[in-house]
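# Observations on the model geometry
The residues making up each chain are set out below.
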Amino acid sequence: MRPENYKPVQHSASHEYELYFGPNHPGIEGNYALKCVLSGDVVQSLRADGGYLHRGFEKIMEERLWIQNVALVPRICVPDPVPMEETYARAVEMLGGLEIPKRAQWIRALMLEASRVCAHLFYFGGHAATMGMYSNMFWGVTDRDLILDIFEEITGARIYHMYITPGGVRRDLPEGVLDRLSKVLDYVESRLPEFDNLFFDNAVVINRATGVGTLTTEQALSWGVTGPNLRACGLPFDVRRDDPYLIYDELDFDIPTETAGDAWARTLVRREELLQSIRILRQIIATLPKVGGPIRCALPNPLAWNVPAGSVYARTESSKGELGFFVVSKGGAKPWRVHVRGPSSMHAVHVLERLGPGSRLEDVAQIMFSLDACPPEVDR
Amino acid sequence: MNRELESLDAVFREMPDLKVEHTGPRRTRIQVEADALPTLLELLKGRAGYLHLSAISCVDWPDTEEFELVYHLWSYQVSNLISAHTRIPYDPGRYVSVYDLHAPAVYFERDIHEMFGVWFEGCPDQEPFILTEWQGPPPMRKSFDTVAYVNDTFEWREYQPEWANDPSGGKG
Amino acid sequence: MSTDPNQAVACRTVDAEERSLLGRVLDRIADHCRARSLFVLHYCTGCGAIELPPTMTSRFDLERVGMQPMVTPRQADILLITGYLSVKTLKRVVMTYEQMQGPKYVIGLGSCTINGGMYWNSYATIKLLDRYIPVDNYIAGCMPRPEAIQQVFLDLMGRIDRGEAQAWKDYYRRYDWYLGQQQQLFGTNWQAPTDVVGEAIRYRLVGEQTLGSHTAHLERYAPYYDQLGIIRPEPARMKARPQLEVVSR
C-alpha cells in the first residue's frame with residue numbers, strides 16, 4: 001500500500017528494506033498494520049499502525065443514553081464481546097448503587113466463562129493458522145459454533161448478545177439449556193485429546209513456537225502485560241481471583257501458569273484456562289438451579305435515568321487480559337466520559353513493538369497471535 | 001501483607017495534602033495537585049508496590065476549562081487499586097510524562113495527546129496512532145460536536161419503506 | 001487516430017452490445033464458469049469478519065460452492081466489505097478495489113455499509129459505501145448470520161451466471177463521480193497507484209462521466225506515473241472529452 005503522497009525515492013544501496021505488514025494481509029489479526037524494517041528476514045524495527053477499526057466509541061457513547069450504550073459496548077471487542085457488556089453494566093451499577101440479584105450474577109458468570117471458551121477455541125485456530133496449519137482452525141471454529149448455538153438459545157444472537165444490561169440480565173435461561181451446555185462442554189473436553197494429537201503434542205509446532213517472542217518476568221511487569229500473557233511468564237495474577245467481581249470468590253478454580261514466557265507457553269496457558277473455564281462452568285451448571293429469585297433489580301425508567309454523579313473503574317478478566325472501564329457521570333441522562341482500557345491495547349502496540357525486533361519475519365504473525373492482540377479494542 | 005499497607009500509610013503521611021477516600025472494596029481514590037502527582041506515583045511504586053499502571057484516563061471539564069487526568073494503579077501485593085485524580089488547565093494543556101516510572105504510560109499518553117490534545121513533556125512517542133488521517137480538532141474534546149461534523153461531511157440514504165417488503169429492491 | 005478513446009485502443013471489449021454473436025456465447029460460457037469459482041479477498045475490514053470463519057469452515061462450508069479465501073487482490077473476484085469502514089480503511093479499500101482485475105464484485109456486509117448502522121453519529125466511519133465504490137449486493141443486519149452470507153453469495157452467483165452483476169463497469173463509466181466522492185473525504189491530493197482512466201480506455205468503458213473536473217486533479221501526478229513506468233493516457237486524449245461518443249449501459 002502506498003500512502004497518498006507517494007513519490008518514488010532513490011535509496012542508497014542498503015541491506016535494509018521496509019515492509020508493510022497489513023492491513024490487507026492474511027497474516028495479520030484483524031484490520032491492523034505493522035511497518036517492519038527488515039534486513040534479510042530479520043526484523044530490525046517494528047512500528048504498529050492502528051486506527052483502521054476506529055469508530056470513536058468513547059465519543060459516541062457520550063452522545064447516547066446509559067441504556068442505549070448497552071447495544072454499543074459489545075462491539076468494542078469482536079471475538080470476546082461478553083466481558084465488555086458485563087463490565088459496562090457493572091460500572092453503571094456501581095455508580096448507581098444498584099445491587100443486582102444473585103441469580104443474575106451467576107448467569108453473568110456463565111456467559112463470561114462460555115465466552116472465554118469461545119475465544120480460546122478461536123485462539124487455537126488462529127495461532128495454528130499462523131504456522132500454516134489450517135485443520136486446527138477448522139476444528140476450533142466448528143467447536144466454537146456449538147457454544148454460539150447455546151448463546152443464541154439464551155440471548156437470541158450469536159455474536160453480539162446485548163444480554164447483560166445494567167441491573168441484571170435481560171431474560172431468564174430457557175428450559176433445559178444447562179443440560180445442553182453440559183453436553184457441549186463434555187464434547188469440547190472430549191475433543192481436547194484430538195487437539196493434543198494435532199497441535200499440542202505436535203513436534204513441528206512445538207519447535208516452531210518455542211522461544212518465539214519470549215517475555216521475561218521483569219519485562220512483562222514493566223511493560224504492563226496482563227492476562228494469560230502475564231501468567232505465561234510465571235506470575236499467577238488473575239483479576240477473577242485477586243479483584244473478584246460477581247460470584248467468582250465462591251467458585252473453585254486454579255490459575256495455570258507457565259514459566260517460559262514464549263509463544264508456546266502462552267498457548268499452553270490458554271489450553272489450561274480452557275479446562276479451568278469448563279470446570280467453572282460445571283460448577284455454575286450445578287449451582288444455578290438452586291439459586292432462585294429475580295434476574296433483574298428494579299431500575300428507574302431507563303429512558304430518563306440520571307445516574308448519580310461520580311466516577312468508577314471496573315475491571316474484568318477477559319480472555320485477552322485485563323479489561324477496564326472508567327466511567328464518569330455528571331448526574332445526567334448520558335455518560336460524561338467512558339474510557340475503555342482494551343485488554344490487548346498494551347500487547348498490540350507497546351509489547352509487540354518491543355518483541356518484534358530480532359525475530360524473523362515469519363514469526364511476526366505468530367507473536368501477534370500468541371499475544372492474542374485484538375485490533376478492534378485497541379482502536380475502539 | 002501488613003507491611004505494605006503500613007508503607008501506604010507512610011506514603012500518605014509524607015504527602016499531607018492528599019485527599020484519600022476509600023470508595024469501595026479494593027478501591028482508593030486520591031485527589032492530588034498536579035505538581036505533586038509524579039512524586040506520589042514514585043512513592044507508590046517504590047514504597048508501596050503499586051507496580052502496574054492499569055490505565056490513564058482523561059476527562060474534559062469545559063465548565064472550569066480543565067482536563068482531569070486519572071492514573072489507575074494496581075498493587076499485585078496488596079490487591080488494591082488507586083485512582084489518582086489530578087486537574088490541569090486547558091491553557092497551556094501540558095503535563096509531565098510518567099514514562100520513566102511506568103513504561104505503559106507511553107501508550108495512554110499518546111492516546112490522550114491524540115484525542116484531547118494534551119502535550120506530555122518527556123513522552124518519547126506522541127505521533128498520531130489512530131487518527132493519522134484526521135484533519136480536525138482533537139475529537140474527544142467536548143467542544144467537538146460529532147453529530148454536526150457527520151451532518152456536514154456525510155450524506156444520508158433516503159428511507160425507502162418498500163425495501164422492507166421487497167428486500168431485493170424489485171429485482172426479483 | 002480517432003479521438004474517441006473507446007475506439008482508440010485496439011483491444012478486447014467487454015461491452016456486450018459490441019460483441020459478435022460468437023463472442024456473446026463465449027461470454028455466457030465464461031460467466032457460467034466464473035460463477036462457480038469465486039475467490040473472496042481475505043481482508044477483514046470490520047467486525048463482520050468474525051462470521052466468515054464459520055461460513056468458510058466445516059460447519060457451513062462455502063468451499064462446496066467453489067468459494068475460497070484468496071490472499072491477494074489481483075487474483076480475487078469478490079471484495080467483501082465486512083462492516084463499518086473508517087475513513088482510514090476506506091482509502092486502503094479503494095486502493096485494493098482498484099488493484100483487483102475485472103470483472104470484480106463487491107458485497108457490503110451489515111447495516112453499517114448501507115446507512116452507517118449504529119455508528120451513524122461517529123466521526124470516523126463512512127455512512128454510504130456505494131458512494132465510493134460500486135456495490136453489487138448488500139446484506140442487512142448487525143451482524144448478518146452465516147446463512148445470510150451464504151444466501152448473498154448464492155444470489156451473486158446467480159446474477160453472475162445470468163450476466164447481471166455489472167456494477168464494476170459503473171466504476172469506469174462514472175469514475176469522475178466516484179473520484180469526486182473520494183476527494184471530498186480524502187482531499188484533492190488523493191491519488192491511488194492504479195491508472196483507472198487508462199484501464200477504462202483499455203476496457204472500452206469510457207463513459208461521459210469517466211473524465212471530469214475531479215480527474216483533472218490527477219494530472220499533476222503525471223511525472224510520478226512516468227517515473228513508475230505506468231502507461232497512462234496521453235493528456236491530449238484525456239482532454240478530448242467533449243468529442244466523446246457516449247457509451248450507454
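Here the residue numbering is sequential within each chain, running from 1 through the sequence in written order. Going through the entries in the order they are written, you letter the chains from A and number the ligands from 1. Where local features are concerned, this predicted model is filtered to residues with pLDDT of at least 70; where side-chain atom pairs are given and counted, the filter is 80 or more; whole-chain, interface and lining totals use all residues. For the side-chain quantities, the full set of heavy atoms in the structure was used; hydrogens and water were omitted.

## Some remarks on the overall build of chain C
The numbering of helices and of strands both runs from the N terminus, where a helix is a DSSP run of H or I of at least 4 residues and a strand a run of E of at least 2. For chain C, the count of helices and strands is 12 helices and five strands. With 249 residues in all, chain C has 59% of them scored as buried. The contact definition used throughout considers only heavy atoms, calling two residues in contact when any of these lie within 4.5 Å. In chain C, of all internal contacts separated by at least 6 residues, the share reaching a separation of at least 24 is 81%. Accessible surface, chain C as shown: approximately 10000 Å² in total, 52% of it carbon and sulfur. Relative accessible area decides the class of each residue, using a 1.4 Å probe on protein chains only: under 20% of the type maximum gives buried, over 50% gives exposed, and in between gives partly exposed. In this description, accessible areas are obtained by the Shrake-Rupley approach with a 1.4 Å probe, and a residue is regarded as covered only by the protein chains that are shown.

## Re the interface of chain A and chain C
Each partner contributes to the interface: chain A provides 42 residues, whereas chain C provides 46 residues. Each of two parts loses accessible area, computed with a 1.4 Å probe, when they are put together; buried area is these two losses added. Roughly 3900 Å² is buried in total at the junction of chain A and chain C, and carbon and sulfur atoms are behind 58% of that figure. When a carboxyl oxygen of Asp or Glu is within 4 Å of a side-chain nitrogen of Lys or Arg, the pair counts as a salt bridge. Where chain A meets chain C, there are five salt bridges. In protein, a polar contact means a hydrogen-donor-capable atom and an acceptor-capable atom, both N or O and within 3.5 Å, with residues adjacent in sequence counting only if both atoms are side-chain atoms; elsewhere, any N or O pair within 3.5 Å suffices. Applying the counting criterion to the chain A and chain C interface returns 18 residue pairs in polar contact (both at pLDDT 80 or more). Broken down by element, the residue count for the side of chain A that touches chain C peaks at eight residues, all from helix 5 (residues 134-155) of chain A.

## Let's talk about helix 2 (residues 37-48) of chain B
Residue and element names in this part refer to chain B. Along helix 2, the residues that are buried comprise Leu-37, Leu-40, Leu-41, Leu-43, Leu-44 and Ala-48. Looking down the long axis of helix 2, one finds its buried residues gathered within 165 degrees of arc, a one-sided arrangement. Across helix 2 from its buried face, at more than 90 degrees, point the exposed residues Glu-42 and Gly-46. Taken from the residues just after helix 2, Gly-49 is the one with a positive phi, measuring 80 degrees. Read the arc as the range of directions from the helix axis to the C-beta atoms.

## Side note on the packing of helix 4 (residues 102-129) of chain A against helix 6 (residues 177-200) of chain A
Each packed pair of helices is defined by two parameters, the angle between the axes and the distance between the axes. Residue and element names in this part refer to chain A. For the pair helix 4 and helix 6, the least separation of the axes is 13 Å and the interaxial angle reads 25 degrees. It follows from the interaxial angle that helix 4 and helix 6 lie roughly parallel. The handedness of the crossing between helix 4 and helix 6 is left-handed. Contacts from Leu-110, Leu-121, Phe-124, His-127 and Ala-128 of helix 4 reach helix 6 at Leu-178, Leu-181, Val-188, Phe-195, Phe-199 and Phe-200. By the convention adopted, Pro, Cys, Tyr, Trp, Phe, Met, Ile, Leu, Val and Ala count as nonpolar, Lys, Arg, Asp and Glu as charged, and the other residues, Gly among them, as polar. Residues of the contact of helix 4 with helix 6, tallied by class, amount to 10 nonpolar, one polar and no charged. Axes here refer to lines fitted to C-alpha atoms; in helices the fit is confined to the stretch in contact. Angles between the N-to-C directions go from 0 to 180 degrees. When an angle is under 35 degrees it counts as roughly parallel; over 145 it counts as roughly antiparallel; between 65 and 115 it counts as roughly perpendicular; any other value is oblique. By definition, turning the near helix anticlockwise from the far helix through less than a right angle yields a left-handed crossing, and turning it clockwise yields a right-handed one.

## A word on the side chain of A:Asn31
Here A:Asn31 lies in the loop between strand 1 (16-21) and strand 2 (33-39). On the accessibility criterion, A:Asn31 (0% relative accessible area) is buried. Ignoring anything within four residues of it in the chain, the contact list for A:Asn31 reads A:Pro23, A:Tyr52, A:Leu53, A:Pro375, A:Asp379, C:Tyr43, C:Cys44, C:Thr45 and C:Thr89.

## Description of the domain arrangement of chain C
All names here are of chain C. When cut into domains, chain C gives domain 1 (1-17 + 168-249) and domain 2 (35-165). The partner domain 2 presents 18 residues to the 17 residues of domain 1 that form the contact. Between domain 1 and domain 2, roughly 1600 Å² of surface is buried when both sides are summed, and carbon and sulfur atoms account for 65% of that area. Counting across the domain 1 and domain 2 interface gives zero salt bridges. Linking domain 1 to domain 2 there are two residue pairs in polar contact (both at pLDDT 80 or more). Only helix 7 (167-173), helix 8 (175-186) and helix 9 (196-202) provide two or more residues apiece to the side of domain 1 that touches domain 2. It is helix 8 that contributes the most residues to the side of domain 1 that touches domain 2, seven residues altogether. Here the bounds of each domain stem from an automatic or database domain assignment.

## Observations concerning the interface of chain A and chain B
With 43 residues of chain A in contact, the opposing surface of chain B contributes 45 residues. Carbon and sulfur atoms supply 56% of the area buried between chain A and chain B, which totals about 3600 Å² over both sides. On the chain A side of the contact with chain B, A:Lys59, A:Tyr313 and A:Trp336 bury the most area, a combined 18% of that side's loss. Here chain A is connected to chain B by seven salt bridges. One salt bridge in this structure joins B:Glu127 and A:Arg47, with 3.3 Å as the shortest N-O distance. At the boundary of chain A and chain B, one finds 22 residue pairs in polar contact (both at pLDDT 80 or more). At the level of elements, strand 3 (42-49), helix 1 (57-62), helix 8 (217-222), strand 6 (310-318), strand 7 (321-329), strand 8 (337-341), helix 12 (345-355) and helix 14 (375-379) of chain A are the ones that each hand at least two residues to the side of chain A that touches chain B. Top contributing element to the side of chain A that touches chain B by residue count: helix 12 of chain A, with six residues. Per-class residue counts for the side of chain A that touches chain B are 16 nonpolar, 10 polar and 17 charged.

## Considering the packing of helix 12 of chain A against helix 3 (residues 105-116) of chain B
The interhelical angle for the contact between helix 12 of chain A and helix 3 of chain B, taken along N-to-C directions, is 115 degrees, at an axis separation of 10 Å. In this view, helix 12 of chain A runs roughly perpendicular relative to helix 3 of chain B, as classed from their interaxial angle. The handedness of the crossing between helix 12 of chain A and helix 3 of chain B comes out as right-handed. For the pair helix 12 of chain A and helix 3 of chain B, the contacting residues are A:Ser345, A:Met346, A:Val349, A:His350 and A:Glu353 in the first and B:Val106, B:Tyr107, B:Phe108 and B:Arg110 in the second. Here the contact of helix 12 of chain A with helix 3 of chain B is built from residues that sort into five nonpolar, two polar and two charged.

## Quick look at the sheet that holds strand 3 of chain A
Residues and elements named next belong to chain A. Two strands pair under a simple rule: DSSP has to find at least two bridges between them. What the three strands build is an open sheet, ordered 1-2-3; its pairing is antiparallel. Sheet topology places strand 1 and strand 3 at the edges, where each strand pairs with a single neighbour. Across the sheet, the mean angle from the axis of one strand to that of its neighbour is 20 degrees, orientation sign disregarded. Against the sheet, helix 13 (residues 361-370) engages strand 1, strand 2 and strand 3, with an angle of about 35 degrees to strand 1.

## Observations regarding the sheet that holds strand 4 (residues 66-75) of chain B
Residue and element names in this part refer to chain B. The five strands lie next to each other as 1-2-5-4-3, forming an open sheet whose pairing is mixed. Two strands bound the open sheet, and with one partner strand each, they are strand 1 (19-24) and strand 3 (52-61). The mean angle between the axes of side-by-side strands here comes to 20 degrees, regardless of whether they run parallel or antiparallel. Against the sheet, helix 2 engages strand 2 (27-31), strand 4 and strand 5 (80-89), with an angle of about 5 degrees to strand 4. Taken strand by strand, helix 3 contacts strand 3 and strand 4, and its axis lies near 15 degrees from that of strand 3.

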